[in-house]
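Coordinate analysis (summary)
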Amino acid sequence: MAEARAQQPPWAWREFADVQLGDARLRQRLVELSTTFAVYAVVAWRVLHVDLAARVYPQEPCTTFLTEDEWKALCCHHSKRRDRS
């Protein structure tokens, strides 16, 4: 093992350290992405639930399924998308 270290150029250890650091950054980014995907999955489930409930109970007001803040946020989001089109 000592012979292998002696044969390596001095910059090899710096490159090895850079690879390790890059690997740690990649792992951290993957953790952040998996958290983001988990949040998106919950949001998608809620939207699907409200959509299906609205089809089954079309006469019910949206406040049956959503809080006031939630339906206002959806209205804001919907109106922004219409303005872009």
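Residues numbered from 1 in each chain as written. Predicted model: local features only at pLDDT ≥ 70, side-chain atom pairs only at ≥ 80, totals over all residues. Heavy atoms only, no water.

Comments concerning the overall build of the protein
The following threshold applies: Think of it this way: any DSSP run of H or I at least four residues long counts as a helix, any run of E at least two long counts as a strand, and we number them from the N terminus. Type-normalised accessible area, obtained with a 1.4 Å probe on protein chains alone, sets the label of each residue: buried when under 20%, exposed when over 50%, and partly exposed for intermediate values.
Along the backbone of the protein there are three helices and zero strands. Order of helices (α) and strands (β) in the protein, N terminus to C terminus: α-α-α. Looking at the protein as a whole, 5% of its 85 residues qualify as buried.

Topic: the pattern of salt bridges
Heads up, the condition is: When a carboxyl oxygen of Asp or Glu is within 4 Å of a side-chain nitrogen of Lys or Arg, the pair counts as a salt bridge.
Counted under the stated rule, the structure contains four salt bridges. Between E70 and R46 there is a salt bridge whose closest N-O contact spans 3.2 Å. Of the two residues, E70 is situated in helix α3 (residues 68-84) and R46 in helix α2 (residues 11-56); the sequence distance between them amounts to 24 residues. The exposure class of E70 is partly exposed, given its relative accessible area of 31%. Of the charged contacts in the structure, one is a salt bridge between D51 and R55, with a shortest N-O distance of 3.4 Å. Of this pair, D51 and R55 are both found in helix α2, four residues apart, which corresponds to roughly one turn of the helix. Under the relative-accessibility criterion, D51 is labelled partly exposed at 33%. For R55, a relative accessible area of 61% gives the class exposed.

Re the environment of H49
Secondary-structure assignment places H49 in helix α2. Classification of H49 as partly exposed rests on a relative accessible area of 39%.

Re a nonpolar patch on the surface
The following threshold applies: Note on patches: the residues involved have over 30% relative accessible area and no salt bridge, like charges join within 9 Å, and the nonpolar side chains Val, Leu, Ile, Met, Phe, Trp and Tyr join within 5 Å. Only the protein chains shown count as cover for residues, with accessible areas throughout obtained via the Shrake-Rupley method and a probe of 1.4 Å.
A cluster of nonpolar side chains, namely L26, L30, L33, F37, V39, Y40, V43 and V47, defines an oily patch on the protein surface of about 770 Å² accessible area. Inspection of the secondary structure assignment puts F37 in helix α2. Its relative accessible area of 53% is what places F37 among the exposed residues.

Some points on the confidence of the model for the protein
For clarity, the threshold we go by: The pLDDT value tells you how sure the predictor is about a given residue, anywhere from 0 up to 100.
Model confidence for the protein is summarised by a mean pLDDT of 79, while 82% of its residues fall at 70 or above. Looking across the protein, the model is least confident in helix α1 (residues 2-7), with a mean pLDDT of 59, and most confident in α2, with 83.

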